[in-house]
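Commentary on secondary and tertiary structure
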Amino acid sequence: MTFINYMAREINCKIVYYGPGLCGKTTNLQHIYERTNPDAKGKMISLATETERTLFFDFLPLSLGEIRGFKTRFHLYTVPGQVFYDASRKLILKGVDGVIFVADSQFERLEANLESMDNLRENLAEQGYNLDEIPFVIQYNKRDLPNVVDVDELRQELNPRGVPDFEANARDGVGVFETLKAVSKSVLTELKKSGAGT
Amino acid sequence: MVNPQMVMYEEEFVQIQTIVDRLVKEANAKVVFIVDKNGQLIAASGDVEEIDTTSLASLTAGNIAATGGIAKLLKENEFATQFHEGENQNIHIQLVGNRVILVVIFDAKSSLGLVRLRVRKATDELNNVFEALVNKTQDPASDSPFAEITDDDIDSLFND
């Protein structure tokens with residue numbers, strides 16, 4: 001749910017990184033945090049277990065700049081990817097404006113990707129959203145590893161709708177900002193559409 | 001529309017800020033702030049310079065969401081009030097109209113009883129303001145400034 005504050009001249013949007021366990025959601029956020037100008041970012045919060053697996057969420061507030069005199073702020077969240085944290089994932093999707101699905105390109109994770117994509121669709125539907133209608137982009141992560149599935153095949157399995165998709169290696173930052181920009185743009189375009197009263 | 005926006009106008013913002021400012025004084029609190037259930041900070045008052053309100057807002061909303069999840073499992077509607085007691089500071093969290101969260105941080109200069117009393121009064125007042133705000137936002141006559149933004153406006157944000 002976009003929050004438009006006329007008093008502070010701000011638009012606030014919520015972006016959620018979704019995907020199977022260990023696909024690189026937190027790594028995406030860490031890279032964005034490291035590479036963003038200190039003026040444009042807040043503190044990154046990670047609610048993680050002792051072994052650094054996401055327990056509840058990671059959070060990173062970002063400012064993108066002004067549009068028609070309104071500051072645009074994006075709140076980036078990750079969900080915990082492990083299957084048994086489903087209750088927490090549902091909570092984090094509340095009020096979401098745009099979703100990035102981070103897929104793990106490795107052969108052995110193909111099924112986990114599909115399962116997580118189904119789970120995303122179901123959990124969004126529970127909140128009254130349709131995955132086919134909200135701003136959505138896909139990132140094929142870990143392209144640097146040797147045992148990866150061809151992008152064409154991943155696309156066929158995960159992206160039948162043909163939403164914007166990107167190859168990435170989040171650990172080295174490849175494709176991270178491209179993915180974020182694509183979803184942010186899509187969120188703002190959606191905002192424009194809804195503002196037009198359609 | 002699937003995704004209704006929350007909009008804050010000057011008139012309601014001033015009313016909310018007045019309630020929050022008064023609550024800081026009347027409850028002898030250090031900080032009072034209001035967050036929506038998605039973690040966006042709406043208003044804050046008191047010694048806000050000392051704390052990271054953005055992080056606090058997001059964590060408070062996460063906390064409320066998790067507690068709400070527990071309530072659902074127990075077939076409770078909501079746990080509307082939470083209280084966390086620390087060594088030096090305490091935090092009182094109150095759901096207002098199942099829409100926004102009122103957070104009061106206080107120390108030994110105040111007491112839980114006083115905070116609860118003042119929060120109850122403020123909750124009623126805030127409820128009225130947010131009720132009015134929701135009606136105003138749903139009014140089709142209220143136009144959004146974003147109807148006029150162009151693709152170029154959006155593109156220019158991303159030209160580094």
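Look up: the structure comes first, before these words.
An account of the accompanying structure is given in this report. (Residues numbered from 1 in each chain as written. Chains lettered and ligands numbered in written order. Predicted model: local features only at pLDDT ≥ 70, side-chain atom pairs only at ≥ 80, totals over all residues. Heavy atoms only, no water.)

The next point concerns the overall build of chain A. Scanning chain A for helices and strands turns up 5 helices and 8 strands. Taken from the N to the C terminus, the helices and strands of chain A come in the order β-β-α-β-β-β-α-β-α-β-α-β-α. Since a compact globule built from 198 residues should have a radius of gyration of about 16 Å, the 16 Å found for chain A is in line with a globular shape. Of all 198 residues assigned to chain A, the portion counted as buried reaches 56%. Restricting to contacts in chain A with at least 6 residues of sequence separation, those with at least 24 account for 68%. Total accessible area computed for chain A in this model is approximately 8600 Å², and 48% of it derives from carbon and sulfur atoms. (Helix = DSSP H or I, 4+ residues; strand = E, 2+ residues; numbered from the N terminus. Rg over C-alpha atoms; globule rule 2.2 N^0.38 Å. Buried < 20%, exposed > 50% of the residue type's maximum accessible area, 1.4 Å probe, protein only. Contact = heavy atoms within 4.5 Å. Areas by Shrake-Rupley, 256 points an atom, 1.4 Å probe, with all protein chains shown as cover.)

The final tally for this structure, using the stated rule, is 20 salt bridges over all chains. In this structure, B:Asp52 engages A:Lys43 in a salt bridge whose closest nitrogen and oxygen atoms are separated by 3.9 Å. One end of the pair, B:Asp52, is in the loop between strand 3 (41–46) and helix 2 (53–73); the other, A:Lys43, is in the loop between helix 1 (25–35) and strand 3 (45–48), on a second chain. Taking relative accessible area as the criterion, B:Asp52 reaches 27% and is therefore assigned partly exposed. Put simply, B:Lys136 and B:Glu11 hold a salt bridge, and the shortest N to O gap is 3.1 Å. Pair noted here: B:Lys136 is in helix 3 (residues 112–138) and B:Glu11 is in helix 1 (residues 10–26), with a separation of 125 residues, a long-range link. Judged by its relative accessible area of 49%, B:Glu11 falls in the partly exposed class. (Salt bridge = Lys/Arg side-chain N within 4 Å of Asp/Glu carboxyl O.)

Residues and elements named next belong to chain A. Of all 6 residues in strand 7 (residues 136–141), 6 are buried, a share of seventy percent or more. Burial of the side chains of strand 7 extends over both faces: Phe136, Ile138 and Tyr140 are buried on one face and Val137, Gln139 and Asn141 on the other. Summarising the sheet, strand 6 (residues 98–104) and strand 7 pair through 6 bridges and their orientation is parallel. Residue pairing in the sheet places Asp104 in a bridge with Asn141 of strand 7. (Pairing = 2+ DSSP bridges.)

Residue and element names in this part refer to chain A. Estimates place the volume of the second largest pocket at around 570 Å³. Lining the second largest pocket are 25 residues, with Leu22, Gly24, Thr26, Thr27 and Arg171 positioned closest to its centre. Of all the secondary-structure elements, those providing two or more residues to the lining of the second largest pocket are helix 1, strand 3 and strand 4 (54–67). In terms of residue count, helix 1 provides more of the lining of the second largest pocket than any other element does, 4 residues in total. In terms of residue class, the lining of the second largest pocket is made up of 7 nonpolar, 11 polar and 7 charged. (1 Å grid on protein atoms, 1.4 Å probe; cavity = no way out; pocket = protein on both sides within 12 Å on 5 of 7 lines; lining within 4 Å. Points joined across faces, edges and corners; volume = space filled by probe spheres on them. Nonpolar A, V, L, I, M, F, W, Y, C, P; charged D, E, K, R; others polar.)

For the rest of this paragraph, the subject is empty space enclosed by the protein. All names here are of chain B. Tallying each qualifying case throughout the model produces 1 cavity of 30 Å³ or more. Space inside the largest cavity adds up to approximately 40 Å³. Around the largest cavity sit Ile19, Arg22, Leu23, Glu26, Arg118, Lys121 and Ala122, which together line it. For the lining of the largest cavity, the residue count by class is 3 nonpolar, no polar and 4 charged.

Moving on, we come to the interface of chain A and chain B. The partner chain B presents 40 residues to the 45 residues of chain A that form the contact. Buried area between chain A and chain B, both sides added, is near 3900 Å², and the carbon and sulfur share of it is 64%. The interface formed by chain A and chain B includes 2 salt bridges. Where chain A meets chain B, there are 6 residue pairs in polar contact (both at pLDDT 80 or more). For the side of chain A that touches chain B, the secondary structure elements donating two or more residues are strand 1 (3–5), strand 2 (10–18), strand 3, strand 4, strand 5 (70–78) and helix 5 (176–195) of chain A. For the side of chain A that touches chain B, the element with the highest residue contribution is helix 5 of chain A, accounting for 9 residues. One ladder, built from 3 bridges, connects strand 1 of chain A with strand 1 (residues 6–8) of chain B; its direction is parallel. Across the sheet, residue A:Ile4 finds its bridge partner in strand 1 of chain B, namely B:Val7. (Buried area = accessible area lost by both parts, 1.4 Å probe. Polar contact = N/O pair within 3.5 Å; in protein donor to acceptor, adjacent residues only side chain to side chain.)

Moving on, we come to the packing of aromatic side chains. Residue and element names in this part refer to chain A. As enumerated under the stated definition, the model contains 7 aromatic pairs over all chains in all. Plain terms: the ring middles of Tyr6 and Phe70 are 5.8 Å apart, the flat faces sit at 90° to each other, and that makes the pair edge-to-face. Of this pair, Tyr6 sits in the loop between strand 1 and strand 2 while Phe70 sits in strand 5; the two residues are 64 residues apart in sequence, bridging distant segments of the chain. With a centroid separation of 5.0 Å and an interplanar angle of 45°, the aromatic rings of Phe59 and Tyr77 are classed as tilted. Residue Phe59 is located in strand 4, and its partner Tyr77 is located in strand 5; the two are separated by 18 residues in the primary sequence. On the basis of relative accessibility, which here comes to 0%, the residue Phe59 falls in the buried class. Under the relative-accessibility criterion, Tyr77 is labelled buried at 4%. Connected via pairs of aromatic rings, a cluster forms that spans Phe56, Phe57, Phe59 and Tyr77. The ring of Tyr77 has Lys14 lying over it, and the distance from NZ or CZ to the ring centre is 4.7 Å. Over the ring of Tyr33 we find Lys41, and its NZ or CZ is 4.1 Å from the ring centre. (Phe/Tyr/Trp six-rings, centres within 6.5 Å; stacked < 30°, edge-to-face > 60°. Lys NZ or Arg CZ within 6 Å of the ring centre and 35° of its normal.)

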